[in-house]
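This is what each chain is made of:
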Amino acid sequence: MEVTINPKLTEHLELRERAFKKHDAKALYQLARIYASMKGKKNEKKAFELYKRSATHGYAEAQFRMGICNENGIGVKQSIQMAITWFIRAEISAASDIADGLDSTDESTRELLRLFREEPRFAEEMDDAAFAKPEPLEYTTIADILCAAEQGDPEAQDCLGHNYYCGSNGLEKNNEEAAYWYHKSAEQGSEAGIHHLAQFYKLTGRYEMAVEWYRRYAELRVGQRNAYLGW
């Protein structure tokens, strides 16, 4: 009697082989997605465990899913701050993957991104420190930036928000104005505006708001990574 093996079963077994025996980060992630698609707390927990194993290998999509799980308490106790950490790790890994594939990326940049990837806490501290520093205006004036921002330029809106946050270039520090202009920029899809709004909310202690924008920024960066890799 001839026995026919379901191709889907063969495919699943091969996926498990790559995931568990070869420690393939992508396979671990794909297996996690299968468990995540099934109902039940046990499946949620199993998906989380597999996401984590994939994420520890630096797989950006798994790190993003770790952020989602922590943000919403899926398979793990809810932790907004841990979600933010995972979203930051995801965007760093995505940037590193892109940089590794670009001939135009110099070796010092690659090494810095590798360091950030291995030490995300250090990367986060460096990012926060850089964000808190005002940037001098060399080729324009704050009046020109205000005019452009009011006309809807997202980069000018982000710049104006940052000057209000830092109290620089002739503006007094004003967090309400900073939030207003960061939002204007972010809502138009400005990458810098989204990132700065996330940082702003984290540094002002509004983590429930911060996690939303860190999620959006990480999703943007992971999407860029996948588009670059052709996935």
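Higher on the page you've got the structure.
Residues numbered from 1 in each chain as written. Predicted model: local features only at pLDDT ≥ 70, side-chain atom pairs only at ≥ 80, totals over all residues. Heavy atoms only, no water.

1. A word on the packing of aromatic side chains
Describing an aromatic ring pair means giving the distance of the ring centres and the angle of the ring planes. In plain terms, the rule: To pair, rings of Phe, Tyr and Trp, with the six-membered ring standing in for Trp, must have centres within 6.5 Å; the planes then decide the type, stacked if under 30 degrees apart, edge-to-face if over 60, and tilted in the middle. Going along the chain from the N terminus, every DSSP run of H or I of four or more residues is numbered as a helix, and every run of E of two or more is numbered as a strand. Only protein chains enter the accessibility calculation, which uses a 1.4 Å probe. A residue is then buried if its area is under 20% of the maximum for its type, exposed if over 50%, and partly exposed in between. Here, a charge over a ring is recorded when the distance from Lys NZ or Arg CZ to the ring centre is within 6 Å and its angle to the ring normal is within 35 degrees.
Per the counting criterion, the structure on display carries ten aromatic pairs. Residues Phe131 and Tyr182 carry aromatic rings whose centres are separated by 6.2 Å and whose planes lie at 40 degrees to one another, so their mutual orientation is tilted. Of this pair, Phe131 sits in helix H7 (residues 120-131) while Tyr182 sits in helix H10 (residues 175-187); the two residues are 51 residues apart in sequence, bridging distant segments of the chain. For the residue pair Phe131 and Tyr182, the accessibility class agrees, reading buried in each case. Put simply, the rings of Phe131, Tyr165, Tyr182, Phe200 and Tyr201 touch in pairs and so form one group of aromatic residues. For Lys173, the ring lying beneath its charged end belongs to Tyr165, and the centroid distance is 3.9 Å. Looking at Arg216, its charged tip hangs above the ring of Trp213, at a distance of 4.2 Å from the centre.

2. Observations regarding the environment of Pro120
As for its position among the elements, Pro120 is in helix H7. For Pro120, a relative accessible area of 14% puts it in the buried group. Separated by 27 residues in sequence, Pro120 and Ser93 have C-alpha atoms that sit 9.6 Å apart.

3. Topic: the pattern of salt bridges
Counted only if it meets this: Salt-bridge detection follows one rule: a side-chain nitrogen of Lys or Arg within 4 Å of a carboxyl oxygen of Asp or Glu.
Tallied over the full model, the rule gives 13 salt bridges. Between Glu61 and Arg225 there is a salt bridge; the shortest N-O distance is 3.9 Å. Linking Glu61 in helix H4 (residues 60-72) with Arg225 in helix H12 (residues 207-229), this pair joins segments that are 164 residues apart in sequence. When sorted by exposure, Glu61 lands in the same class as Arg225, which is buried. Here Asp97 and Arg117 are joined by a salt bridge, their closest N and O atoms 3.0 Å apart. Of this pair, Asp97 sits in helix H5 (residues 80-101) while Arg117 sits in helix H6 (residues 107-118), and the two are 20 residues apart along the sequence.

4. Some thoughts on the side chain of Ser185
Which entries qualify depends on this criterion: Contacts between residues were defined by any pair of non-hydrogen atoms, one from each residue, lying within 4.5 Å.
Relative to the elements of secondary structure, Ser185 occurs in helix H10. Using a relative accessible area of 0% as the deciding quantity, one classes Ser185 as buried. Look past the residues within four positions of Ser185 in its chain and what remains in contact with it is Pro154, Gln157, Asp158, Ser190 and Gly193.

5. A short note on the packing of H10 against helix H11 (residues 191-203)
To be explicit about the condition: Only the stretch in contact is used when a helix axis is fitted, and all axes are lines through C-alpha atoms; the angle between N-to-C directions ranges over 0 to 180 degrees. Here a crossing is taken to be left-handed if its near helix is turned anticlockwise relative to the far helix by less than a right angle, and right-handed if that turn runs clockwise. In the scheme used here, Gly and all other residues not listed as nonpolar or charged are polar, with Ala, Val, Leu, Ile, Met, Phe, Trp, Tyr, Cys and Pro taken as nonpolar and Asp, Glu, Lys and Arg as charged.
For the pair H10 and H11, interaxial distance at closest approach is 8 Å and the crossing angle is 145 degrees. Seen from above, H10 lies across H11 with left-handed handedness. Touching Asn175, Ala178, Ala179, Tyr182, His183, Ser185 and Ala186 of H10 are Gly193, Ile194, His196, Leu197, Phe200 and Tyr201, all from H11. A per-class count over the contact of H10 with H11 returns eight nonpolar, five polar and no charged.

6. Concerning the side chain of Ser93
Here is the rule we go by: Polar contact is the term for a pair of N or O atoms within 3.5 Å; when the atoms are in protein, one must be able to donate a hydrogen and the other to accept it, and sequence-neighboring residues count only if both atoms are side-chain atoms.
Residue position: Ser93 is located in helix H5. The class for Ser93 is buried, based on a relative accessible area of 1%. Engagement of the side chain of Ser93 in a polar contact is seen with the side chain of Gln63, the distance being 2.7 Å. When near neighbours in sequence (up to four residues on either side) are disregarded, Ser93 contacts Gly58, Ala60, Gln63 and Arg117.

7. Some details on a nonpolar patch on the surface
Convention followed: Only residues whose relative accessible area exceeds 30% and that form no salt bridge are eligible for patches; like-charged ones are grouped when within 9 Å, while nonpolar side chains (Val, Leu, Ile, Met, Phe, Trp, Tyr) are grouped when within 5 Å. Only the protein chains shown count as cover for residues, and the accessible areas themselves come from Shrake-Rupley with a 1.4 Å probe.
Taken together, the side chains of Leu112, Leu115, Phe122 and Met126 make up a nonpolar region of the molecular surface, amounting to roughly 330 Å² of accessible area. Looking at the secondary structure, you find Met126 in helix H7. With a relative accessible area of 41%, Met126 lands in the partly exposed category.

8. Notes on unusual backbone geometry
For Asn169, which is not a glycine, the phi torsion comes out positive at approximately 55 degrees. Taking the relative accessible area as the measure of exposure, Asn169 reaches 30% and is therefore partly exposed.

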